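# Understanding the architecture of this molecule
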Amino acid sequence: MADWVPQGQEGAYLQALEEVLPAYAGEVERKNRQGEVYRVKVPVDYAHLETKHPELHERLRALAREVAGRDAYPEETLEDTPEARKALYATLLEDPRLQVAHKPLGDLTREDQAALRSY
């Protein structure tokens, strides 16, 4: 955390993080062997968020849509022209991982493997 949170603002950062991605979904009552009741915090199950915590899931989806809508430029489209295709191919050729991304592992040549290792 020291790398990306300004010194002295760690508490505010953790509070904001807890608001967006809470660690706990609430509390439940349990009984010990002596019959005494105590409360236990229930962690948020992020692996099954949609089914176990639908309200949090929807809130995070809305936040993601808001951020995507703010950062995306839907009015900008790429026309299918020879220049656009050339630019796309040039971009793909810059990264060897993209060149072989859809090849089955058994079809990778020695050159493909070497390119991936050296990238």
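Conventions and cut-offs
Residues numbered from 1 in each chain as written. Predicted model: local features only at pLDDT ≥ 70, side-chain atom pairs only at ≥ 80, totals over all residues. Heavy atoms only, no water. Helix = DSSP H or I, 4+ residues; strand = E, 2+ residues; numbered from the N terminus. Buried < 20%, exposed > 50% of the residue type's maximum accessible area, 1.4 Å probe, protein only. Contact = heavy atoms within 4.5 Å. Areas by Shrake-Rupley, 256 points an atom, 1.4 Å probe, with all protein chains shown as cover. Patch = residues over 30% accessible without salt bridge, like charges linked within 9 Å, V, L, I, M, F, W, Y side chains within 5 Å. Salt bridge = Lys/Arg side-chain N within 4 Å of Asp/Glu carboxyl O.

## As for the overall build of the chain
In terms of helices and strands, the chain carries six helices and two strands. Taken from the N to the C terminus, the helices and strands of the chain come in the order α-β-β-α-α-α-α-α. For the chain, the residues scored as buried account for 12% of the 119 residues in total. At a minimum sequence separation of 6, the contacts of the chain that also span at least 24 residues come to 17%. Carbon and sulfur atoms make up 54% of the accessible area of the chain, which amounts to about 10,400 Å² in all.

## Observations concerning the side chain of His-57
In this fold, His-57 is placed in helix H3 (residues 54-71). Not counting chain neighbours up to four residues away, the residues in contact with His-57 comprise Leu-49 and Glu-50.

## Observations regarding a nonpolar patch on the surface
A surface patch of nonpolar side chains, amounting to about 510 Å² of accessible area, comprises Leu-14, Leu-17, Val-20, Leu-21, Tyr-46, Leu-63 and Val-67. Only helix H1 (10-20) and H3 provide two or more residues apiece to the nonpolar patch. A per-element tally of the nonpolar patch places H1 first, with three residues. Along the polypeptide, Val-20 turns up in helix H1.

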